[in-house]
Amino acid sequence: MSDEPQPQHDNQGWAPREPGLGTGQGPGQGPGQGQAPPGAPGGKQQKQKRKRTGWRRILPTWRMVLGTFITVILLLIGLFALGYYLVKIPSANAAATKQSNVYLYADGSQLARDGEVNRENVTLAQISKDTQHAVLAAEDRDFYTESAVDPKAMIRAAWNTVTGKGRQSGSTITQQYVKNYYLGQEQTVSRKVKEFFISIKLDREKSKDDILEGYLNTSYFGRNAYGVQAAAQAYYGVDATDLTAGQGAYLAALLNAPSEYDVIAHPENRPAAVARWNYVLDGMVKKKWLGAADRAAVRFPAPKEAKGSAGMSGQRGYLVQAVKDYLTSNKILDEDTLATGGYRITTTLQKPKQDAFVEAVNDQVMDNLDKENRKVDTYVRAGGVAIDPATGKVVAMYGGIDYTQQYVNNATRRDYQVGSTFKPFVLASAVQNDSQTQDGRTITPNTVYDGTDKRPVEGWNGGGYAPENEDGVSYGDITVRTATDKSVNSVYAQMAVDVGPEKVRQTAIGLGLPSGTPDLTATPSIALGPATASVLDMAEAYATLANHGRHGTYTLVEKITDGGENVRLPKQETKQVISREAADTTTSVLQSVVDGGTGTAAQAANRPSAGKTGTAEEDQAAWFAGYTPDLATVVSVMGQDPDTGAHKSLYGALGEARINGGGYPAQIWAQFTKAALAGTEASDFDLRLQPGAEEQELPTDEPGTEPPATGGQDTGGTTTGGSQTPSPTESQTQGQTNGGTTTTTGGTTTDGGATDGGTTTDGGTTTDGGTTTGDTTDGGTTTDGGTADGGTDTGGTDLGTIAGAGPLNRPDTRKP
């Protein structure tokens, strides 16, 4: 073997070392020296601290996480202990001694003051077990076994408050009782914190029965009823101890939305109220508080008609309730908060206009009722709303005969069909969407349609539909303008199909009808007005037409203060929902309805006016919806049984065979509008029309066909809702315009408007033959001289009406 050193290989694992290295002994070695370097055979490895590099440097260590967690827990425990020590159970809050809300007219004069508290405290033993269980099923099913607070629900509610998502309650009954009795209804974090600690303390100091009793005596049930005893009397006229399971479940359902679920005040919300009622009963079965067989036998117990308090007599109660509904539906104040009182609310209602509305209804209708000799006269009700189109402010509202006699506001209820007042929305939608007829003609006011009675609509795949014209009258070829004057169902049902029923529906919603309006369905029948929108809804929609297609949600409130502090109101914004041409073209056609169609009674307002008449099935309601450039107003006369609240026909009311939109509703509209605008300068409509809207499109007569004998205008006598047979003298006298000469371009000039009792028709042509008779029909039908829809004929000849083609050379206030 060679004496030379051998080369070192990687896998040999050894290397030369210094003498004594690794033994702890060696030359010059001091204390702590002599340890072998890492990796040296026989040596001890020296531990090194690994440094965090890269993205790991930004992550906390587990020690930091644990330390932070423990610190937070200790801090929360400390805060809880501090809060529990500092927060005391206070005395009863202001809700127990409720303050008044003051309601003011726009000029600052007082409209009404509420604040009379309807409350009678009872013991838990005086409340039926079914009602107790119903409330628990509705609000807190685990009340007797759970803790006083629900932290998870509280965090959710607090988060919704902070982020502005609105009110969402997940509170226990204990927390709700604390809020009702000890605190206020404001939705703030500080109030929630106090509620949390007081609830815990209260749960330790009072029994569950005591808390439930307190909750049932302080909760608000609507109808100004505080506590279950007051509610039992207000809704069913019984004591709380006598409430059945069905009645108790309904009262429990009211806690979720007191006024909204009142099926008498808001019949349109009945489905939602019944659904909540069923939820409560099902919960009672689930908790074994009610047997399944007993549950199946329960029927919805309709509450009794409500009566307003004496301090809310006349129109005051209707106006106050409408303002409350506006505040709660727009989430300005919730119902519980508003009920605590202390608010000063300035409305948009103008007292002179409000008084004028009441006077018009009394003069035209109420003072002429004979309730002793005509039972049907006891059914007559009226509702009305007037809106400033430029601002969306409600300036007047007529709610009913008297709030103390009839609780339901006729201006805001949604349970009567709007009838033919819906038809303008179909025309507006046609112009807005550049719609065409089935044979490709653009729909304008002069487009000719087939007005034959019971003509099946074309182009609809949803099943056969052939609507009947009023009194079964067939018109043959007729223009859209004249079909609107006469309210021809067959024309408008076909137009709805041509436009598309869903497009018509969306146009109506855009104009102002709520999307949830009952019976607002996308079918051809939508054109005939089966929808049950309120008078207020329709006024908002017609105000949009008056405002050239710009829609702004109505407002009833100008200002609210709470202890001198202003309550924030939503900003009023408008937007163009349909084109100006669509709105203005519709207005021009509705001017024709007033000038010579079914709405001639509206001429008594002495203002440039546009409007439409309408009648519900079986004459249960008659409508006139109209506007001037400055004021949009809708009036409805309705039939309702005063005892049961059931809808009733108005045949024979006020001594008339029919009650139609062109009669009493138009007369109320005219008197009110004239008075409301008195002292202001009359302004003309400034209209921008659809191309072709001014042109006259004459129908071509085919062999074997004859156009209607007249233009559909009755030139003799005045009709107010029934058939008429004018005398020759009446025909001669009322056939004149301004007592003088009627001249028409392209027609015959006649002196006085009549010859030998003849009627001037068809562009001024005089036909001899004496007087004509004809039945008044709803929907604008005129047969052989009859006036349609109860319209009042003012005696003037239609200046050049051509059968089926619309008026020629009528004095025109419309501007292109």
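Residues numbered from 1 in each chain as written. Predicted model: local features only at pLDDT ≥ 70, side-chain atom pairs only at ≥ 80, totals over all residues. Heavy atoms only, no water.

## Details of the pairing of strand 14 (residues 610-615)
Taken across its six residues, strand 14 has six buried, putting it largely inside the fold. Neither face of strand 14 is exposed, since Ala-610, Lys-612 and Gly-614 on one face and Gly-611, Thr-613 and Thr-615 on the opposite face are all buried. Sheet topology places strand 14 next to strand 15 (residues 621-627); six bridges connect them, and they run antiparallel. Bridge pairing in strand 15 places Gly-614 opposite Trp-623. Between strand 14 and the antiparallel strand that follows it, strand 15, lie five residues; Glu-618 among them carries a positive phi value of about 60 degrees. (Buried < 20%, exposed > 50% of the residue type's maximum accessible area, 1.4 Å probe, protein only. Helix = DSSP H or I, 4+ residues; strand = E, 2+ residues; numbered from the N terminus. Pairing = 2+ DSSP bridges.)

## Describing the environment of Thr-644
Positionally, Thr-644 belongs in the loop between strand 16 (632-639) and helix 20 (664-676). For Thr-644, a relative accessible area of 56% gives the class exposed. On a C-alpha basis, the gap between Thr-644 and Lys-304 in space is 8.5 Å, while along the polypeptide they are 340 residues apart. Within the structure, the side chain of Thr-644 is placed 3.2 Å from the backbone nitrogen of Ala-646, a separation counted as a polar contact. (Polar contact = N/O pair within 3.5 Å; in protein donor to acceptor, adjacent residues only side chain to side chain.)

## Concerning the packing of aromatic side chains
Taken as a whole, this structure holds 15 aromatic pairs when the rule is applied. With 5.0 Å between their ring centres and 75 degrees between their planes, Phe-143 and Tyr-144 make a pair best called edge-to-face. Consider the rings of Phe-357 and Phe-672, whose centres lie 4.2 Å apart with planes at 20 degrees: the pair is stacked. Taken together, the positions of Phe-357 in helix 13 (residues 351-364) and Phe-672 in helix 20 put the pair 315 residues apart, joining distant regions of the chain. With a relative accessible area of 0%, Phe-672 lands in the buried category. (Phe/Tyr/Trp six-rings, centres within 6.5 Å; stacked < 30°, edge-to-face > 60°.)

## Things to note about the pattern of salt bridges
Pairing between side chains becomes possible if they bear opposite charge and their charged atoms approach one another. In the structure shown here, the tally under the stated rule is 19 salt bridges. Here Glu-268 and Arg-414 are joined by a salt bridge, their closest N and O atoms 3.9 Å apart. You can see Glu-268 sitting in the loop between helix 8 (245-254) and helix 9 (270-286) and its partner Arg-414 sitting in the loop between strand 7 (394-398) and helix 14 (423-432), a full 146 residues away along the chain. Using a relative accessible area of 15% as the deciding quantity, one classes Glu-268 as buried. (Salt bridge = Lys/Arg side-chain N within 4 Å of Asp/Glu carboxyl O.)

## Re the nonpolar core
Core analysis: the biggest nonpolar cluster contains 91 residues, and Leu-327, Phe-422, Phe-425 and Met-495 have the highest contact counts within it. Looking at this core element by element, the count peaks at nine residues for helix 18 (residues 535-546). When near neighbours in sequence (up to four residues on either side) are disregarded, Phe-422 contacts Val-504, Ala-508, Leu-513, Leu-520, Ile-526, Ala-527, Gly-529 and Met-538. In terms of nonpolar packing, the next biggest core, distinct from the first, is built from 47 residues, Ile-211, Leu-243, Leu-254 and Val-263 among them. (Core = buried A, V, L, I, M, F, W, Y, C linked by side-chain atoms within 4.5 Å. Contact = heavy atoms within 4.5 Å.)

## Some details on the confidence of the model for the chain
Atomic detail in the predicted coordinates should be set aside for any region of low pLDDT. A residue-level look at the chain finds 69% of positions with pLDDT of 70 or above and a mean pLDDT of 78. Every residue in residues 1-36 scores below 50 in pLDDT, and together they form 14 contacts with partners more than four places removed in sequence or on other chains. Within the model, pLDDT remains below 50 along residues 699-816, and this stretch shows 283 contacts once partners closer than five positions in the same chain are excluded. (pLDDT = per-residue confidence, 0-100.)

## A few points about the side chain of Asp-377
Inspection of the secondary structure puts Asp-377 in the loop between helix 13 and strand 6 (380-387). By relative accessible area, which is 0% here, Asp-377 ends up buried. Not counting residues within four places of it along the chain, the set of residues in contact with Asp-377 comprises Asn-368, Leu-369, Asp-370, Lys-371, Ala-653 and Leu-654.

## With respect to unusual backbone geometry
Unusually for a residue other than glycine, Arg-223 sits at a positive phi of about 55 degrees. The residue Arg-223 is located in the loop between helix 6 (208-218) and strand 4 (225-226) in this model. Accessibility expressed as a relative area gives 11% for Arg-223, which makes it buried. For Asp-434, which is not glycine, the phi dihedral falls at a positive 50 degrees. Within the element layout of this structure, Asp-434 appears in the loop between helix 14 and strand 8 (448-450).

## Remarks on the sheet that holds strand 15
Strand pairing within a sheet occurs via backbone hydrogen bonds; the two strands may be parallel or antiparallel. Strand order in the open sheet formed by five strands is 7-6-16-15-14, and the pairing between neighbours is antiparallel. Each end of this open sheet is capped by a strand with a single partner; those strands are strand 7 and strand 14. Strand-to-strand twist in this sheet, taken as the mean axis angle between neighbours without regard to direction, amounts to 5 degrees. On the sheet, helix 18 packs against strand 6, strand 7, strand 14, strand 15 and strand 16 and is oriented at approximately 35 degrees with respect to strand 6. (Axes fitted to C-alpha atoms, helices over the stretch in contact; angles between N-to-C directions.)

## Looking at the sheet that holds strand 1 (residues 102-104)
One open sheet holds the five strands; their spatial order is 2-1-5-11-12, and the pairing between them is mixed. Strand pairing shows two members of the sheet lacking a second neighbour, strand 2 (110-113) and strand 12 (565-566), which therefore form its edges. Sheet topology note: the strand 5 (residues 343-347)/strand 11 (residues 557-562) ladder contains five bridges and is antiparallel. Opposite Tyr-343, over in strand 11, you have Asp-562 as the bridge partner.

## Side note on the packing of helix 2 (residues 129-139) against helix 8
The relative placement of two packed helices comes down to the angle between their axes together with the axis-to-axis distance. Where helix 2 contacts helix 8, the two axes come as close as 8 Å, and the packing angle between them is 35 degrees. Like other packed secondary-structure pairs, helix 2 and helix 8 cross with a definite hand, here right-handed. Contacts from Asp-130, Thr-131, Ala-134, Val-135, Ala-138 and Glu-139 in helix 2 reach Ala-245, Gly-248, Ala-249 and Ala-252 in helix 8. (Left-handed = near helix turned anticlockwise from the far one by under 90°.)

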